[in-house]
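# Structure assessment
Okay, here's what each chain looks like letter by letter:
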Amino acid sequence: MELEPELLLQEARENVEAAQSYRRELGQRLQGLREARRQIKESASQTRDVLKQHFNDLKGTLGKLLDERLVTLLQEVDTIEQETIKPLDDCQKLIEHGVNTAEDLVQEGEIAILGGVGERNEKLWNFTKKASHIQLDSLPEVPLLVDVPCLSAQLDDSVLNIVKDHIFKHGTVASRPPVQIEELIEKPGGIIVRWCKVDDDFTAQDYRLQFRKCTSNHFEDVYVGSETEFIVLHIDPNVDYQFRVCARGDGRQEWSPWSVPQMGHSTLVPHEWTAGFEGYSLSSRRNIALRNDSESSGVLYSSAPTYFCGQTLTFRVETVGQPDRRDSIGVCAEKQNGYDSLQRDQAVCISTNGAVFVNGKEMTNQLPAVTSGSTVTFDIEAVTLGSTNNNEGGNFKLRVTISSNNREVVFDWLLEQSCGSLYFGCSFFYPGWKVLVF
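Along each chain, the written sequence defines residue order, and numbers are assigned to residues from 1. A pLDDT threshold of at least 70 governs which residues receive local features in this predicted model, and a stricter bar of 80 or more applies before side-chain atom pairs are shown or counted, although totals over entire chains, interfaces and linings include all residues. As a rule here, side-chain values come from all non-hydrogen atoms in the structure, and water together with hydrogens is ignored.

### Description of the packing of aromatic side chains
Note the cut-off: Classification of ring pairs rests on two measures: the distance between centres of Phe, Tyr or Trp rings, Trp counted by its six-membered ring, which must be within 6.5 Å, and the angle between planes, read as stacked under 30 degrees, edge-to-face over 60 and tilted in between. A run of H or I in DSSP becomes a helix once it reaches four residues, and a run of E becomes a strand once it reaches two; helices and strands are each numbered from the N terminus. Burial classes: relative accessible area under 20% of the type maximum marks a residue as buried, over 50% as exposed, and values in between as partly exposed (1.4 Å probe, protein chains only). Note on criteria: charge over ring means Lys NZ or Arg CZ within 6 Å of the ring centre, with the direction from the centre no more than 35 degrees off the ring normal.
Throughout the structure, instances matching the rule amount to eleven aromatic pairs. Ring plane angle 85° and centroid distance 5.9 Å describe the contact between Phe-315 and Phe-378, whose orientation is recorded as edge-to-face. Taken together, the residues span a long stretch of sequence, with Phe-315 in strand β11 (residues 312–319) and Phe-378 in strand β16 (residues 375–384) at a distance of 63 residues. Judged on exposure class, the residue Phe-315 and its partner Phe-378 are both buried. Members of the aromatic cluster, connected to one another through ring pairs, are Trp-195, Tyr-207, Tyr-223 and Phe-230. It is Arg-244 that lies over the ring of Phe-219; its NZ or CZ is 4.0 Å from the centre. Taking the ring centre of Phe-429 as reference, the NZ or CZ of Arg-326 above it sits at 3.8 Å.

### Considerations on the domain arrangement of the chain
For an interface, size is often stated in terms of accessible area lost upon the parts coming together. Going by this rule: Where a domain begins and ends is set by an automatic assignment or by a domain database.
Domain boundaries assigned for the chain yield domain 1 (11–143), domain 2 (179–265) and domain 3 (280–437). With centres defined by C-alpha atoms, the gap from domain 1 to domain 3 works out at 75 Å.

### Regarding the nonpolar core
For the record, the criterion: Buried residues of nine kinds, namely Ala, Val, Leu, Ile, Met, Phe, Trp, Tyr and Cys, make up a nonpolar core once their side-chain atoms join them within 4.5 Å.
Ranked by internal contacts, the top residues of the largest apolar core, which has 35 residues, are Trp-273, Phe-315, Phe-378, Ile-402 and Trp-413. With 16 residues, the next largest nonpolar core counts Tyr-207, Tyr-223, Val-232 and Tyr-241 among its residues.

### What about the side chain of Gln-346?
Operational definition: Here, residues are in contact when the closest pair of their heavy atoms is within 4.5 Å.
Structurally, Gln-346 can be placed in the loop between β12 (328–332) and β13 (347–350). Residues in contact with Gln-346, not counting those within four places in the same chain, are Cys-332, Ala-333, Gln-336, Asn-359, Trp-413, Leu-414, Leu-415 and Glu-416.

Following this line, the structure appears as structure tokens:
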């Protein structure tokens with residue numbers, strides 16, 4: 001049965017679209033193959049260079065060590081030779097002196113004897129007297145050959161077998177690292193890096209994370225530990241970074257091969273505290289605030305409303321001071337000067353004693369007290385837009401989750417008006433509190 005022209009045309013269009021989609025999919029797979037081939041080629045080339053450089057360095061080091069050992073042994077030979085030759089030299093000088101004395105005595109005696117006992121009697125007398133003062137029967141002792149050193153080199157040929165055995169086992173070539181980066185999550189001024197094991201037979205003791213700007217040639221260590229997640233801070237927005245991770249096996253000293261480098265960046269503006277607020281000292285990037293000894297009080301706000309619903313806002317307490325129930329860490333719809341705390345209207349916060357406040361009212365549920373190293377997170381989502389039909393005075397509802405020390409509270413926050421972004425802030429009445437925000 002023949003199809004109608006319009007149906008035939010429609011089917012032809014659908015086939016063309018399907019062919020185009022198929023071509024795109026195949027193109028993407030070809031691109032994936034090219035990237036896989038490039039990774040194999042580049043990693044193989046890099047591995048060759050690393051192996052050549054390592055073994056060249058090893059040969060140079062071994063040659064240097066052998067030369068140093070040779071010099072040490074030759075110096076030892078020289079020392080023994082000099083120390084044992086000196087007594088022989090002294091003995092030789094003594095013998096040569098005796099030989100010369102005996103030769104002189106022989107010549108003098110022969111002359112005296114040739115003169116007879118007549119007029120030469122005086123010479124014989126003098127010779128006899130001289131000879132009697134010389135100990136002609138005293139001979140110096142010359143050491144036997146068995147009593148003097150006979151140097152030789154003691155070289156253990158087994159060292160060659162030992163070295164050969166170590167060399168043949170030195171170095172391995174791994175085709176796949178046991179750990180890979182799993183996820184990169186952008187944060188304001190930072191990137192969360194998560195990784196996982198891909199080798200079930202590998203037991204990891206520690207992990208090592210490095211990163212670099214894509215314009216840099218050198219990676220920097222940013223984390224070493226047993227966790228499989230780390231937030232890398234001080235990330236410039238809209239700048240590409242590369243991350244890689246390796247692992248150290250249980251009971252081993254050497255690190256595994258590096259994972260495949262992953263590229264990531266953050267488009268989010270870094271969170272910053274307001275500079276110039278008396279009572280707080282800020283870090284160079286303005287993401288750390290320290291309550292100083294100033295007597296002035298008040299809320300230190302963010303420099304701009306950089307927190308948006310749907311994101312996670314994190315405060316990490318680096319150091320602590322004396323707590324006060326009026327202390328606060330939290331978010332607010334707008335800056336309001338004249339308040340000593342965020343325990344006010346149009347704000348939600350947690351006090352250092354763990355009490356939670358919503359629009360100035362303390363909730364029944366509370367969190368553990370804030371201590372050094374505590375992390376406090378705020379997750380806020382929009383629940384309803386527009387007016388509500390209750391008498392609670394709000395027309396914009398947000399669902400707030402505050403987490404601290406593995407505990408969390410969830411509640412609704414009613415605002416007088418909607419807002420696209422929120423400020424964050426903190427207030428402490430005593431010095432020593434230091435808070436990092438990201």
